[in-house]
Structure formats: C-alpha cells, structure tokens
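In case you want the letters, here they are:
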Amino acid sequence: MEIKDKTDIINKKADIANKKLIAFLAIAGGTWVYGVNEAADNPVVTILSSIAFFIAVLGISTNLIKLGDLQTKLKDLYNE
C-alpha cells in the first residue's frame, strides 16, 4: 500500500474520532451545566447527569487516545 493511501486512511479515522470527540464534549458540557443548575431542586437529576457526564468523559478520553495513536502512525509514515 502506498504512503498516500495510508495517510488517507489515517485522515479518515482522525476525522471520525474528531467528530465523536466534539459530540462527547457537547454532551459533557451540557450534562454538567444542567446537573449543577438542578442540584438544589432534584438530587436524582443531579445523579443521572453526573453519570452521563462521566460516561462522556470516558468517551472523550478514549477518542483522545485514538487521536494520539493516529498522530504516532503519521509520524512513523513521515519518518519512512
């Protein structure tokens, strides 16, 4: 496989991870703000939004790790 093909594949994977990262960031921000605003009124909503926040944080972490791996692969291709 040519280097151009490999970089195109890595680029597509990075685009997908980037879009997922943006979605998880939006979810984390929204649930955090909503949970803080509703803390005094309903503790159940606060607990559920906290759970959703931590799941979103796991998604953010996973996608950041994937992007780091893709960056390493690009550096390896550049050094060939």
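In this text the structure is predicted, and so the values were computed from the model without any measurement.

Give me helix H2 (residues 43–79): which residues, what numbers.
The terminal C-alpha atoms of H2, which comprises 37 residues, lie 54 Å apart, in line with the 54 Å expected from a rise of 1.5 Å per residue. All buried positions along H2 are accounted for by Thr-46, Ser-49, Phe-53, Ala-56, Gly-59, Ile-60, Asn-63, Leu-70 and Leu-77. Looking at the buried residues of H2, the elements they touch are helix H1 (3–37).

Describe in detail the nonpolar core, supporting the description with residues and values.
Counting five residues, the largest nonpolar core consists of Leu-21, Ala-28, Phe-53, Ala-56 and Ile-60. Those elements giving two or more residues to this core turn out to be H1 and H2. Counting residues per element, this core draws most heavily on H2, which supplies three residues.

Before we move on, could you go through a nonpolar patch on the surface and cite the residues and values that matter?
Taken together, the side chains of Val-44, Ile-47, Leu-48, Ile-51 and Ile-55 present a nonpolar region at the surface, about 490 Å² in accessible area. Take Leu-48: it is sitting in helix H2.

Which residues make up the pattern of salt bridges, and what values go with them?
Throughout the structure, instances matching the rule amount to one salt bridge. For Lys-4, the salt bridge goes to Asp-8, with nearest N and O atoms at 3.5 Å. Remark: Asp-8 and Lys-4 occur in helix H1; sequence separation between them is four residues, near one turn of the helix. For Asp-8, a relative accessible area of 33% translates into the label partly exposed.

Explain the packing of H1 against H2 residue by residue, including any values.
Orientation of H1 relative to H2, taken along the N-to-C sense of each, is 160°, at an axis distance of 8 Å. What the angle tells us is that H1 and H2 run roughly antiparallel. Regarding H1 and H2, the two cross each other, and that crossing is left-handed. Classifying every residue of the contact of H1 with H2 gives 20 nonpolar, eight polar and five charged.

Explain H1 to me, and be specific about the residues and the numbers.
The end-to-end C-alpha distance of H1 is 51 Å, a good match for the 51 Å that 35 residues give at a rise of 1.5 Å each. Against the buried residues of H1 lie H2.

Rules behind the numbers
Residues numbered from 1 in each chain as written. Predicted model: local features only at pLDDT ≥ 70, side-chain atom pairs only at ≥ 80, totals over all residues. Heavy atoms only, no water. Helix = DSSP H or I, 4+ residues; strand = E, 2+ residues; numbered from the N terminus. Expected span 1.5 Å × (residues − 1). Buried < 20%, exposed > 50% of the residue type's maximum accessible area, 1.4 Å probe, protein only. Contact = heavy atoms within 4.5 Å. Core = buried A, V, L, I, M, F, W, Y, C linked by side-chain atoms within 4.5 Å. Patch = residues over 30% accessible without salt bridge, like charges linked within 9 Å, V, L, I, M, F, W, Y side chains within 5 Å. Areas by Shrake-Rupley, 256 points an atom, 1.4 Å probe, with all protein chains shown as cover. Salt bridge = Lys/Arg side-chain N within 4 Å of Asp/Glu carboxyl O. Axes fitted to C-alpha atoms, helices over the stretch in contact; angles between N-to-C directions. Parallel < 35°, antiparallel > 145°, perpendicular 65-115°, else oblique. Left-handed = near helix turned anticlockwise from the far one by under 90°. Nonpolar A, V, L, I, M, F, W, Y, C, P; charged D, E, K, R; others polar.

All quantities given are derived from atomic positions and should not be read as evidence of function.
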